[in-house]
Amino acid sequence: DAGVIQSPRHEVTEMGQEVTLRCKPISGHDYLFWYRQTMMRGLELLIYFNNNVPIDDSGMPEDRFSAKMPNASFSTLKIQPSEPRDSAVYFCASSLGPEQFFGPGTRLTVL
Amino acid sequence: QKEVEQNSGPLSVPEGAIASLNCTYSDRGSQSFFWYRQYSGKSPELIMFIYSNGDKEDGRFTAQLNKASQYVSLLIRDSQPSDSATYLCAVRGGADGLTFGKGTHLIIQP
């Protein structure tokens, strides 16, 4: 298996622009998680899905953030409009059991 | 607010010695506990997890859990330079998402 796939790996955008991050989980996994990592706040859970259904989005910082999982093979995290404080590494992870497998991350820079 | 606390380090340990990493958590309802390793610029990868009080060993790694003290630790025996990384403690309560500490930066000195 190729593991969790994320795209793009790097994204540089200007404040106010829309940003879409993409994730393909490991085939057969029924949970998908979106995390954000910064030096100041560490690794934070934003939202997670079980069988494509959002279960807990309490970690989503504000209404500018939204996430979807239209099918078992794909999820998106959208930020609209983006702000400089959104700059971070965004990780997607998937799991079938207790172990969560992380993707390589998307490094987002908002200028 | 669930909190997971770790000493940020850096923790410097000579090669071949035992590295001891510690973590405390605030939520008494936490049920499972995880140690992840993260190399610089890479994604976290699971080392091991523990559910029950006591010790759990896997190769050079031993996880220790004391729920009464709300304390989790990770011991790395015969430390190698390749063990140099940031170690993240994570906790899961009744829900499925993980709450992570900010990590301890470990340096193994050759």
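Okay, so let's go over this structure. Residue indices follow the written sequence of each chain, beginning from 1 at its first position. Going through the entries in the order they are written, you letter the chains from A and number the ligands from 1. Local features in a predicted model are, by the rule used here, given only for residues with pLDDT of at least 70; side-chain atom pairs are given and counted only at 80 or more, and totals for whole chains, interfaces and linings are based on all residues. The basis for every side-chain value is the complete set of non-hydrogen atoms in the structure, without hydrogens or water.

Brief notes about the overall build of chain A
In this text, helices come from DSSP runs of H or I with a minimum length of four residues, and strands from runs of E with a minimum of two, each type numbered from the N-terminal end. When helices and strands are counted, chain A shows zero helices and 11 strands. In sequence order, the secondary structure elements of chain A are arranged as β-β-β-β-β-β-β-β-β-β-β. Whereas a compact globule of 111 residues would reach a radius of gyration of roughly 13 Å, chain A reaches 13 Å, a difference of no more than 12%. Along the first, second and third principal axes, the C-alpha set of chain A runs to 35 × 25 × 25 Å. Note on exposure labels: buried denotes an accessible area under 20% of the residue type's maximum, exposed denotes more than 50%, and partly exposed covers the range between, all computed with a 1.4 Å probe on protein chains only. Here chain A, with 111 residues, has 46% of them falling under the buried criterion. Long-range contacts, defined here as pairs at least 24 residues apart, represent 53% of the contacts in chain A between residues at least 6 apart. Entry remark: accessible area of chain A is about 5,500 Å², with carbon and sulfur atoms responsible for 51%. Here the radius of gyration uses the C-alpha set of atoms, whereas the globule reference equals 2.2 Å times the residue count to the power 0.38. What makes two residues a contact is simply this: any of their non-hydrogen atoms within 4.5 Å. The method behind every accessible area is Shrake-Rupley, applied with a 1.4 Å probe, and residues are considered shielded solely by the protein chains displayed.

Remarks on the interface of chain A and chain B
Taken together, the contact between chain A and chain B spans 17 residues of the former and 17 residues of the latter. Here the quantity called buried area is the accessible surface, traced with a 1.4 Å probe, that two parts lose on coming together, added over both. In total, chain A and chain B occlude about 1,400 Å² of area from one another, counting both sides; carbon and sulfur atoms represent 56% of this. Counting the surface chain A buries against chain B, the share from its top three residues, Leu43, Pro98 and Phe102 of chain A, is 36%. The salt bridge criterion pairs a side-chain nitrogen of Lys or Arg with a carboxyl oxygen of Asp or Glu, the two atoms within 4 Å. Linking chain A with chain B are zero salt bridges, by the criterion used here.

Regarding the sheet that holds strand β7 (residues 61-66) of chain B
All names here are of chain B. DSSP bridges decide pairing: two strands pair if at least two such bridges lie between them. In space, the five strands of this open sheet follow the order β1-β3-β8-β7-β6, with antiparallel pairing throughout. A single partner strand is all that each edge strand has here, and the edge strands are β1 (4-5) and β6 (54-58). As paired elements, β6 and β7 share five bridges and run antiparallel to each other. Within β7, the position partnered with Glu57 by the bridge is Thr62.

Some words on unusual backbone geometry
Trans is the common state for peptide bonds, and a negative phi is the common state for residues other than glycine. For the bond running from Gln80 of chain A to Pro81 of chain A, omega is -5°, close enough to zero to count as cis. You can see Pro81 of chain A is positioned in the loop between β8 (74-79) and β9 (88-95). In this structure, the amide linkage connecting Gly9 of chain B to the following residue, Pro10 of chain B, adopts the cis form with an omega of 10°. If you trace the backbone, Pro10 of chain B turns up in the loop between β1 and β2 (11-14). At Asp78 of chain B, a residue that is not glycine, the phi angle is positive and equals roughly 50°. Summarising the element assignment, Asp78 of chain B is placed in the loop between β8 (71-76) and β9 (85-92).

Examining the sheet that holds strand β7 (residues 65-71) of chain A
Residue and element names in this part refer to chain A. Across the sheet, which stays open at both edges, the four strands sit in the order β1-β3-β8-β7 with antiparallel pairing between neighbours. The open sheet has two free edges, formed respectively by β1 (5-7) and β7, since each of these has just one partner strand. On average, each strand axis in the sheet is inclined to that of its neighbour by 15°, with strand direction left out of account. To get an axis, a line is fitted to the C-alpha atoms, and for a helix only the part in contact is used. The angle between two axes follows their N-to-C directions and goes from 0 to 180 degrees.

Worth remembering: the numbers are spatial, not functional.
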